[in-house]
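Observations on chain architecture
The residues making up each chain are set out below.
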Amino acid sequence: MSVPHTALVTGASRGIGAAIASALSDRGVTVLSPRRQDLDLLSSDSIRAFVARHRNAGIDILVNNAGINILNAIEAVRPEDWQAMLQVNLTAPALLAQGLAADMRARRWGRIVNVSSVFSQIAKEKRAAYCASKAGLDGLTRTLAVELGPDGILVNSIAPGYVDTELTQQNNSPQNLAKITRTIPLRRLAQPHEIARLIAFLCSEDNTYLTGQTLVIDGGLICQ
Ligand SMILES: NC(=O)c1ccc[n+]([C@@H]2O[C@H](COP(=O)([O-])OP(=O)(O)OC[C@H]3O[C@@H](n4cnc5c(N)ncnc54)[C@H](OP(=O)(O)O)[C@@H]3O)[C@@H](O)[C@H]2O)c1
């Protein structure tokens, strides 16, 4: 018989995060999806305070979903934008995993999913910090899988291609998206619930042996 689970999902106000929160909740998981006032990933102090408030709250699933992508050619990247992308996309997931690992170890069960991107593996102009942060996130995933595996904590990354969310609309013109769509073998963007379904599996008791991986979910985009 399965035991109750509690998940922390970051960035669940919209887009992929909202779909993850609803997929987990549909499967009987209690979901914490703090607003930015309660957990600001730009601030390591805010992260530490959140973790301290939720110690012993039974969080045994962590989905590091929130991410930002500020586009600029390398010469034009502002130091504060570089810092913000590394902080939200890489340091915050590490700090949350660090803060929540002890509770998961005590339960001898845990699931961590980091939302990476195909841009951890391929490149596109104006995405130096984004690509670097997501490649770093995949490295973090593998190390956490090795360190936490002996206590029953499974850790994976998922790497979506283009998903129909505000972030995608903001960073690609409609003409660009039409062009991109023609290069995707499935000839469409992903819908957030399609990404969420895979994450729900990775976080579930059905996932008993898959850990340390980056699973690409991109409609076939980068296998070409
Ligand atoms: N969309 C895609 O095509 C795509 C493809 C590959 C990977 N991804 C990755 O998937 C994840 C979700 O993307 P999305 O498209 O759903 O993004 P989105 O629609 O832009 O939503 C981003 C979420 O992150 C939250 N967030 C941003 N900065 C934050 C901060 N400092 N503190 C707390 N929360 C913060 C936002 O909260 P607020 O409402 O407070 O702003 C929002 O809930 C990201 O990691 C992204 O890199 C997306």
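From a predicted model like this one, the values you see are computed outputs, not experimental measurements. (Residues numbered from 1 in each chain as written. Predicted model: local features only at pLDDT ≥ 70, side-chain atom pairs only at ≥ 80, totals over all residues. Heavy atoms only, no water.)

Concerning the packing of aromatic side chains
Across all of its chains, the model carries two aromatic pairs by this definition. Centre to centre, the rings of Phe 119 and Tyr 130 are 6.5 Å apart; their planes meet at 65 degrees, and the pair counts as edge-to-face. Taken together, the residues Phe 119 in the loop between strand S4 (110–115) and helix H4 (128–148) and Tyr 130 in helix H4 connect sequence positions eleven residues apart. Note on Phe 119: relative accessible area 9%, which makes it buried. Put simply, the rings of Phe 119, Tyr 130 and Tyr 162 pair up and form one aromatic cluster. The residue whose ring lies beneath Arg 127 is Phe 119, and the NZ or CZ to ring-centre distance is 5.4 Å. (Phe/Tyr/Trp six-rings, centres within 6.5 Å; stacked < 30°, edge-to-face > 60°. Helix = DSSP H or I, 4+ residues; strand = E, 2+ residues; numbered from the N terminus. Buried < 20%, exposed > 50% of the residue type's maximum accessible area, 1.4 Å probe, protein only. Lys NZ or Arg CZ within 6 Å of the ring centre and 35° of its normal.)

Things to note about the packing of helix H2 (residues 44–53) against helix H3 (residues 79–107)
Helix packing for two helices is described by the angle between their axes and how far apart those axes are. Interhelical geometry of H2 versus H3 gives an angle of 25 degrees and a closest axis separation of 10 Å. In terms of orientation, H2 and H3 fall into the roughly parallel class. Both H2 and H3 take part in a crossing whose hand is right-handed. Here Ser 44, Ile 47, Arg 48 and Val 51 of H2 lie close against H3, whose contacting residues are Gln 87, Ala 92, Leu 95, Leu 96 and Gly 99. Taken together, the residues of the contact of H2 with H3 sort by class into five nonpolar, three polar and one charged. (Axes fitted to C-alpha atoms, helices over the stretch in contact; angles between N-to-C directions. Parallel < 35°, antiparallel > 145°, perpendicular 65-115°, else oblique. Left-handed = near helix turned anticlockwise from the far one by under 90°. Contact = heavy atoms within 4.5 Å. Nonpolar A, V, L, I, M, F, W, Y, C, P; charged D, E, K, R; others polar.)

Remarks on the layout of surface pockets
Approximately 990 Å³ is the volume found for the largest pocket. Forming the walls of the largest pocket are 40 residues, and the residues nearest its centre are Arg 14, Ala 66, Gly 67, Ile 68 and Leu 167. Put simply, the parts of the chain that give the lining of the largest pocket at least two residues each are helix H1 (15–26), H4 and helix H5 (166–171). Top contributing element to the lining of the largest pocket by residue count: H5, with five residues. (1 Å grid on protein atoms, 1.4 Å probe; cavity = no way out; pocket = protein on both sides within 12 Å on 5 of 7 lines; lining within 4 Å. Points joined across faces, edges and corners; volume = space filled by probe spheres on them.)

A few points about the site of the ligand
What surrounds the ligand is a group of 28 residues, the closest being Ser 13, Arg 14, Asn 65, Tyr 130 and Thr 165. Ser 13 has a polar side-chain atom sitting 2.6 Å from an oxygen atom of the ligand. Contacts to the ligand include Thr 165, whose side-chain N or O atom sits 2.5 Å from an oxygen atom. Against a free-state accessible area of 900 Å², the protein chains account for coverage of 91% of the ligand. Counting atoms within 2 Å of the grid points, the majority share of the ligand lands in the largest pocket. (Near = heavy atom within 4 Å. Polar contact = N/O pair within 3.5 Å; in protein donor to acceptor, adjacent residues only side chain to side chain. Areas by Shrake-Rupley, 256 points an atom, 1.4 Å probe, with all protein chains shown as cover. Sits in = over half its atoms within 2 Å of the grid points.)

Examining unusual backbone geometry
Despite not being glycine, Asn 56 shows a phi value in the positive range, around 65 degrees. The residue Asn 56 is located in the loop between H2 and strand S3 (59–64) in this model. Although it is not a glycine, Arg 108 adopts a positive phi angle of roughly 55 degrees. Of note, Arg 108 is situated in the loop between H3 and S4.

Quick notes on the sheet that holds strand S6 (residues 214–217)
If you walk across this open sheet you meet the six strands as S2-S1-S3-S4-S5-S6, and the pairing is parallel. The strands lining the two open edges of the sheet, one partner per strand, are strand S2 (30–32) and S6. In this sheet, adjacent strand axes meet at a mean angle of 20 degrees when their direction is disregarded. Bridge analysis of strand S1 (residues 6–9) against S3 gives four bridges, and the strand direction is parallel. Among the inter-strand pairings, Ala 7 is bridged to a residue of S3, identified as Ile 61. (Pairing = 2+ DSSP bridges.)

Section: H4
Here H4 contains 21 residues, and its C-alpha end-to-end distance of 30 Å stays within 8% of the 30 Å for a straight helix at 1.5 Å per residue. Taken together, the buried positions of H4 are Ala 129, Tyr 130, Cys 131, Ser 133, Lys 134, Leu 137, Asp 138, Leu 140, Thr 141, Leu 144, Ala 145 and Leu 148. Lining the buried residues of H4 we find H3, S4, strand S5 (153–160) and S6. (Expected span 1.5 Å × (residues − 1).)

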